Amino acid sequence: GGLKDPSMERMPGQTCCIVSTPQAFISLQGRKPDVFGWKAISAVLFDEVHHVLKHHPYRQIALSLKDKNQSSDAGNQTDKETIQILGLSASLTYKVSSAEIKNTLNRLCHELNIEQMESPS
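Conventions we followed
- Residues numbered from 1 in each chain as written.
- Predicted model: local features only at pLDDT ≥ 70, side-chain atom pairs only at ≥ 80, totals over all residues.
- Heavy atoms only, no water.
- Helix = DSSP H or I, 4+ residues; strand = E, 2+ residues; numbered from the N terminus.
- Areas by Shrake-Rupley, 256 points an atom, 1.4 Å probe, with all protein chains shown as cover.
- Core = buried A, V, L, I, M, F, W, Y, C linked by side-chain atoms within 4.5 Å.
- Buried < 20%, exposed > 50% of the residue type's maximum accessible area, 1.4 Å probe, protein only.
- Salt bridge = Lys/Arg side-chain N within 4 Å of Asp/Glu carboxyl O.
- pLDDT = per-residue confidence, 0-100.
- Contact = heavy atoms within 4.5 Å.
- Expected span 1.5 Å × (residues − 1).
- Arc of directions from axis to C-beta.
- Phe/Tyr/Trp six-rings, centres within 6.5 Å; stacked < 30°, edge-to-face > 60°.

Draft legend 1. The overall build of the protein chain, seen in detail. Per the secondary structure count, the protein chain includes 4 helices and 2 strands. Carbon and sulfur atoms form 52% of the exposed surface of the protein chain, whose accessible area is close to 8,400 Å².

Encoded structure:
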């Protein structure tokens, strides 16, 4: 693993999009926090966001991101910017009752520390 393209080293301060598997991103944050740490990131897109609720690397990223955003919200001088989160999923849950669906969506909002959820249906 690792980055093969040396141009990736220039990311801070540039408009850029990182496409990565969750586990590879976690590894990159650990190895190069100055480039891939939360201070260098303004938005995160979770594809298949429902994995945040499972034992999955997405959960580790989400909890770290939640801690960072709560630190920003509390006025921490080192973490001034709240990172925007966009979560996508074709099927947020396989639950069928309205109460179970609402519970799952509430858990997802809590885990990501988000206040608003939109749905096309």
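So, next bit.
Draft legend 2. Local environment of the nonpolar core. By size, the foremost hydrophobic cluster in this structure holds 16 residues, and its most contacted members are Trp38, Val44, Phe46, Val52 and Leu112. Put simply, the parts of the chain that give this core at least two residues each are α1 (22-31), β1 (43-47), α3 (57-73) and α4 (98-112).

Draft legend 3. Here's a closer look at the pattern of salt bridges. Counted under the stated rule, the structure contains 1 salt bridge. Where Glu111 meets Arg59, a salt bridge forms, and the shortest distance between an N and an O atom there is 3.1 Å. Taken together, the residues Glu111 in helix α4 and Arg59 in helix α3 connect sequence positions 52 residues apart. A relative accessible area of 12% means that Glu111 is categorised as buried. Under the relative-accessibility criterion, Arg59 is labelled partly exposed at 25%.

Draft legend 4. Inspection of the confidence of the model for the protein chain at higher detail. When pLDDT is averaged across the protein chain, the result is 81; 80% of the residues are at 70 or more. Confidence, read as mean pLDDT per element, is least for helix α2 (residues 33-36) in the protein chain (87) and greatest for α1 (93). Across residues 1-5, confidence stays below pLDDT 50; counting only partners more than four residues off in sequence or on other chains, it has 4 contacts.

Draft legend 5. Expanded view of α4. With 15 residues, α4 extends 21 Å from end C-alpha to end C-alpha; this agrees with the ideal 21 Å at 1.5 Å per step. Listed as buried for α4 are Thr104, Leu108, Cys109, Glu111 and Leu112. Seen end-on, α4 carries its buried residues on one side only, within an arc spanning 170 degrees. Exposed side of α4, more than 90 degrees from the buried face: Ser98, Ala99, Lys102 and His110 are the residues found there. Looking one or two places after α4, you find Asn113, whose phi comes out positive at around 55 degrees.

Draft legend 6. Representation of the packing of aromatic side chains. Applying the stated rule across the entire model yields 2 aromatic pairs. Where Phe25 meets Trp38, the ring centres are 5.8 Å apart and the plane angle is 50 degrees; that geometry is what we call tilted. Here the residue Phe25 occupies a position in helix α1, and Trp38 occupies one in the loop between α2 and β1, the gap between them amounting to 13 residues. Note on accessibility: Phe25 and Trp38 belong to one class, buried. Plain terms: the ring middles of Phe46 and Tyr58 are 5.2 Å apart, the flat faces sit at 90 degrees to each other, and that makes the pair edge-to-face. With Phe46 in strand β1 and Tyr58 in helix α3, this residue pair connects regions lying 12 residues apart in the sequence. Here Phe46 falls in the buried class, since its relative accessible area comes to 2%. Owing to a relative accessible area of 13%, Tyr58 belongs among the buried residues under this scheme.

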